[in-house]
Amino acid sequence: ARMLFMKHVVDTPVLERMLDPITRILNVDAARKLVRFKADAKVQARVAQLARKCNEGELTPEEMAEYDRYIAFADFIAILQAKARLLLAKKP
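Since the model is a prediction, treat every value here as computed from it, not as a measurement. (Residues numbered from 1 in each chain as written. Predicted model: local features only at pLDDT ≥ 70, side-chain atom pairs only at ≥ 80, totals over all residues. Heavy atoms only, no water.)

Peer 1: How do you make sense of the pattern of salt bridges when you look at a structure like this?
Peer 2: Opposite charge on two side chains permits pairing when their charged atoms draw close. Scanning all chains against the criterion turns up 4 salt bridges. Measuring nitrogen to oxygen at the nearest pair gives 3.3 Å for the salt bridge that ties D29 to K33. With D29 and K33 both in helix α2 (residues 28-36) and 4 residues apart, the pair spans about one turn of that helix. Accessibility expressed as a relative area gives 44% for D29, which makes it partly exposed. With its nearest N and O atoms 2.7 Å apart, the salt bridge here joins R46 to E66. Note that R46 is positioned in helix α3 (residues 41-55) and E66 in helix α4 (residues 61-90), a separation of 20 residues in sequence. Under the relative-accessibility criterion, E66 is labelled buried at 17%. (Salt bridge = Lys/Arg side-chain N within 4 Å of Asp/Glu carboxyl O. Helix = DSSP H or I, 4+ residues; strand = E, 2+ residues; numbered from the N terminus. Buried < 20%, exposed > 50% of the residue type's maximum accessible area, 1.4 Å probe, protein only.)

Peer 1: Mind showing me how you'd approach the side chain of K83 here?
Peer 2: Following the sequence through the fold, K83 ends up in helix α4. Here the side chain of K83 touches D20 through a polar contact of 2.6 Å, side chain to side chain. Apart from residues no more than four positions distant in its own chain, K83 is found in contact with E16, L19, D20 and T23. (Polar contact = N/O pair within 3.5 Å; in protein donor to acceptor, adjacent residues only side chain to side chain. Contact = heavy atoms within 4.5 Å.)

Peer 1: Hey, could you run me through the layout of surface pockets in this one?
Peer 2: In this approach the atoms are scanned with a rolling probe the size of a water molecule, which exposes any empty space left behind. Put simply, the largest pocket is a space of about 270 Å³. F37, A39, V43, Q44, V47, Y70, I71, F73, A74, I77, A78 and Q81 are the residues that line the largest pocket. Counting residues per element, the ones that place at least two in the lining of the largest pocket are α3 and α4. Top contributing element to the lining of the largest pocket by residue count: α4, with 7 residues. For the lining of the largest pocket, the residue count by class is 10 nonpolar, 2 polar and no charged. (1 Å grid on protein atoms, 1.4 Å probe; cavity = no way out; pocket = protein on both sides within 12 Å on 5 of 7 lines; lining within 4 Å. Points joined across faces, edges and corners; volume = space filled by probe spheres on them. Nonpolar A, V, L, I, M, F, W, Y, C, P; charged D, E, K, R; others polar.)

Set out below in structure tokens:
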């Protein structure tokens, strides 16, 4: 699957393969913490602000680049969290 984020296309299967070595070293405690991970309120507010401006077509090039980075990082974390959930589902 490929996901389009602003100007970038993220090849999700490649990213998942790149993250496999990281998720293989997760223990149950680390996996639980990773599943609960959320950005802090300040970051969430900034992303929401950029999303609104994006929807209104008002992002500057600098803001577009910043928003792209947030989205790419969110995708990275989402894949790690999905892998952590799989690990936890396999453990008693």
